[in-house]
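So you can see what is in the structure, the chains are spelled out below.
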Amino acid sequence: MHLHKYEKIWLLFGGGVLVLFLLILSVNSFAMGMTPPSHMEMIDPTKVDQTPPFDNPGLKQVGDNEYELVMTAFIFGYTPNEIEIPAGAKVTFKVTSKDVVHGFAIPGTNVNMMITPGYISTLTHTFSDPGEYLILCNEYCGIGHQVMATRIVVKGKEGEES
Ligand code: CUA
(Lines give C-alpha, C1' and ligand atoms only; values in the text may rest on other atoms or scores of the structure.)
Protein backbone atom coordinates (compact mmCIF):
# COMPACT_ATOMS: atom_id res chain seq x y z
CA MET A 1 0.00 0.00 0.00
CA HIS A 2 1.36 3.34 -1.00
CA LEU A 3 0.96 6.25 1.42
CA HIS A 4 1.51 9.85 0.51
CA LYS A 5 4.30 11.59 2.46
CA TYR A 6 1.89 14.05 4.13
CA GLU A 7 -0.47 11.21 5.01
CA LYS A 8 2.40 9.40 6.78
CA ILE A 9 3.35 12.51 8.73
CA TRP A 10 -0.27 13.05 9.72
CA LEU A 11 -0.69 9.41 10.82
CA LEU A 12 2.52 9.59 12.88
CA PHE A 13 1.36 12.84 14.47
CA GLY A 14 -2.04 11.37 15.36
CA GLY A 15 -0.50 8.20 16.81
CA GLY A 16 2.06 10.23 18.75
CA VAL A 17 -0.59 12.45 20.32
CA LEU A 18 -2.60 9.36 21.34
CA VAL A 19 0.45 7.80 23.03
CA LEU A 20 1.28 11.12 24.73
CA PHE A 21 -2.25 11.48 26.13
CA LEU A 22 -2.27 7.91 27.43
CA LEU A 23 1.11 8.54 29.08
CA ILE A 24 -0.11 11.73 30.81
CA LEU A 25 -3.26 9.90 31.96
CA SER A 26 -1.20 7.00 33.34
CA VAL A 27 1.22 9.27 35.21
CA ASN A 28 -1.73 11.23 36.68
CA SER A 29 -3.61 8.20 37.92
CA PHE A 30 -0.81 5.80 38.94
CA ALA A 31 2.06 8.08 40.01
CA MET A 32 0.07 11.09 41.27
CA GLY A 33 -2.99 9.24 42.53
CA MET A 34 -5.54 11.40 40.69
CA THR A 35 -8.48 9.05 40.60
CA PRO A 36 -12.19 9.80 40.83
CA PRO A 37 -13.59 10.10 44.38
CA SER A 38 -14.71 6.79 45.83
CA HIS A 39 -18.36 5.86 45.42
CA MET A 40 -17.94 2.25 46.47
CA GLU A 41 -19.58 2.25 49.91
CA MET A 42 -23.32 1.67 49.73
CA ILE A 43 -26.27 2.49 51.99
CA ASP A 44 -30.06 2.07 51.93
CA PRO A 45 -31.20 5.62 51.04
CA THR A 46 -34.55 5.14 52.81
CA LYS A 47 -32.83 4.27 56.10
CA VAL A 48 -30.09 6.92 56.23
CA ASP A 49 -31.28 8.30 59.59
CA GLN A 50 -31.11 4.83 61.16
CA THR A 51 -27.78 3.75 59.63
CA PRO A 52 -24.53 4.54 61.49
CA PRO A 53 -22.67 6.82 61.21
CA PHE A 54 -25.44 8.83 59.52
CA ASP A 55 -27.81 8.39 62.49
CA ASN A 56 -25.54 10.86 64.28
CA PRO A 57 -24.04 13.24 61.70
CA GLY A 58 -21.34 15.69 62.72
CA LEU A 59 -17.69 16.24 63.37
CA LYS A 60 -15.61 13.55 65.05
CA GLN A 61 -11.96 13.94 66.00
CA VAL A 62 -9.98 10.92 64.84
CA GLY A 63 -6.40 12.14 65.34
CA ASP A 64 -4.15 15.12 65.96
CA ASN A 65 -6.11 17.84 64.13
CA GLU A 66 -7.71 15.11 62.01
CA TYR A 67 -11.45 14.84 61.74
CA GLU A 68 -14.17 12.80 60.17
CA LEU A 69 -17.16 14.85 59.09
CA VAL A 70 -20.32 12.83 58.54
CA MET A 71 -22.97 14.73 56.60
CA THR A 72 -26.29 14.06 54.93
CA ALA A 73 -27.64 15.97 51.95
CA PHE A 74 -31.36 16.42 51.40
CA ILE A 75 -33.78 18.73 49.60
CA PHE A 76 -32.66 21.49 50.25
CA GLY A 77 -29.82 21.48 52.74
CA TYR A 78 -27.11 19.65 54.61
CA THR A 79 -26.86 18.22 58.14
CA PRO A 80 -25.09 19.43 60.24
CA ASN A 81 -25.83 22.95 59.14
CA GLU A 82 -22.71 24.82 60.26
CA ILE A 83 -19.34 23.38 61.12
CA GLU A 84 -16.37 24.88 62.94
CA ILE A 85 -12.87 23.44 62.64
CA PRO A 86 -9.40 24.69 63.62
CA ALA A 87 -6.94 25.83 60.94
CA GLY A 88 -4.81 23.06 59.48
CA ALA A 89 -7.50 20.46 60.14
CA LYS A 90 -7.47 17.42 57.89
CA VAL A 91 -11.11 16.59 57.27
CA THR A 92 -12.45 13.39 55.74
CA PHE A 93 -15.95 14.01 54.44
CA LYS A 94 -18.44 11.16 54.44
CA VAL A 95 -21.60 12.25 52.70
CA THR A 96 -24.75 10.56 51.48
CA SER A 97 -28.13 11.69 50.16
CA LYS A 98 -31.53 11.04 51.69
CA ASP A 99 -33.45 11.65 48.47
CA VAL A 100 -32.11 12.72 45.07
CA VAL A 101 -28.70 13.41 43.52
CA HIS A 102 -27.02 16.45 45.08
CA GLY A 103 -23.67 18.16 44.69
CA PHE A 104 -21.06 18.90 47.33
CA ALA A 105 -18.57 21.52 46.22
CA ILE A 106 -16.36 23.92 48.15
CA PRO A 107 -15.25 26.74 45.81
CA GLY A 108 -11.54 27.52 46.02
CA THR A 109 -10.66 23.93 46.97
CA ASN A 110 -10.50 20.59 45.19
CA VAL A 111 -13.59 19.36 47.06
CA ASN A 112 -16.27 18.55 44.50
CA MET A 113 -18.38 15.41 44.84
CA MET A 114 -21.62 14.10 43.45
CA ILE A 115 -23.84 12.83 46.25
CA THR A 116 -25.86 9.93 44.91
CA PRO A 117 -28.61 8.26 46.95
CA GLY A 118 -27.53 4.74 47.90
CA TYR A 119 -23.84 5.61 47.94
CA ILE A 120 -21.42 7.13 50.44
CA SER A 121 -19.04 9.69 48.96
CA THR A 122 -15.71 10.14 50.71
CA LEU A 123 -13.03 12.78 50.21
CA THR A 124 -10.23 14.19 52.38
CA HIS A 125 -9.18 17.84 52.40
CA THR A 126 -6.81 19.84 54.62
CA PHE A 127 -8.01 23.34 55.49
CA SER A 128 -4.73 25.26 55.84
CA ASP A 129 -6.11 28.81 55.76
CA PRO A 130 -8.61 30.23 58.27
CA GLY A 131 -11.80 31.68 56.86
CA GLU A 132 -15.31 30.84 55.78
CA TYR A 133 -15.80 28.10 53.25
CA LEU A 134 -19.03 27.68 51.37
CA ILE A 135 -20.39 24.20 50.72
CA LEU A 136 -22.87 24.28 47.89
CA CYS A 137 -24.96 21.98 45.78
CA ASN A 138 -23.90 22.01 42.14
CA GLU A 139 -26.30 19.35 40.83
CA TYR A 140 -29.76 20.58 39.94
CA CYS A 141 -32.05 18.89 42.49
CA GLY A 142 -35.32 20.77 42.36
CA ILE A 143 -37.11 24.03 43.09
CA GLY A 144 -34.88 25.02 46.04
CA HIS A 145 -31.58 23.99 44.47
CA GLN A 146 -30.16 27.53 44.47
CA VAL A 147 -30.56 27.91 48.26
CA MET A 148 -28.93 24.57 49.09
CA ALA A 149 -25.70 25.51 50.86
CA THR A 150 -23.96 25.54 54.20
CA ARG A 151 -20.57 26.65 55.44
CA ILE A 152 -17.46 25.56 57.26
CA VAL A 153 -15.74 28.09 59.49
CA VAL A 154 -12.01 27.48 59.80
CA LYS A 155 -10.78 29.15 62.98
CA GLY A 156 -7.29 30.61 63.32
CA LYS A 157 -4.99 29.21 65.98
CA GLU A 158 -5.49 30.46 69.58
CA GLY A 159 -4.40 34.09 69.95
CA GLU A 160 -4.15 34.63 66.20
CA GLU A 161 -6.43 36.78 64.11
CA SER A 162 -8.56 34.69 61.81
CU1 CUA B 1 -29.16 19.77 46.07
CU2 CUA B 1 -29.04 21.07 44.04
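Up top is the structure.
Since we're looking at a predicted model, the values are computed, not measured. (Residues numbered from 1 in each chain as written. Predicted model: local features only at pLDDT ≥ 70, side-chain atom pairs only at ≥ 80, totals over all residues. Heavy atoms only, no water.)

This next bit is on helix 1 (residues 5-31). Relative to the 39 Å expected for 27 residues at 1.5 Å per residue, helix 1 spans 38 Å between its end C-alpha atoms, a close match to the ideal helical length. Following helix 1 by one or two positions, G33 adopts a phi angle in the positive range, close to 65 degrees. (Helix = DSSP H or I, 4+ residues; strand = E, 2+ residues; numbered from the N terminus. Expected span 1.5 Å × (residues − 1).)

To continue, consider the nonpolar core. One finds F93, F104, F127 and I152 to be the most contacted residues of the largest nonpolar core, which totals 26 residues. Not counting residues within four places of it along the chain, the set of residues in contact with F104 comprises M71, Y78, F93, V95, V111, N112, M113, I115, I135, L136 and N138. One finds I43, V48, F54 and I120 within the second-largest nonpolar core, a separate group that totals 5 residues. (Core = buried A, V, L, I, M, F, W, Y, C linked by side-chain atoms within 4.5 Å. Buried < 20%, exposed > 50% of the residue type's maximum accessible area, 1.4 Å probe, protein only. Contact = heavy atoms within 4.5 Å.)

Another point: a nonpolar patch on the surface. Taken together, the side chains of L18, L22 and L25 define a hydrophobic patch exposed on the protein surface, amounting to about 320 Å² of accessible area. Within the fold, L18 resides in helix 1. The class for L18 is exposed, based on a relative accessible area of 54%. (Patch = residues over 30% accessible without salt bridge, like charges linked within 9 Å, V, L, I, M, F, W, Y side chains within 5 Å. Areas by Shrake-Rupley, 256 points an atom, 1.4 Å probe, with all protein chains shown as cover. Salt bridge = Lys/Arg side-chain N within 4 Å of Asp/Glu carboxyl O.)

For the rest of this paragraph, the subject is the pattern of salt bridges. Tallied over the full model, the rule gives 6 salt bridges. For K60, the salt bridge identified is with E68, shortest N-O distance 3.7 Å. Here E82 ties to R151 by a salt bridge, and the two come within 3.1 Å at their closest N and O atoms. Residue E82 is found in strand 5 (residues 82-86), and its partner R151 is found in strand 11 (residues 149-155); the two are separated by 69 residues along the sequence. Since its relative accessible area comes to 48%, E82 is described here as partly exposed. The network of salt bridges with shared partners includes E82, E132 and R151.

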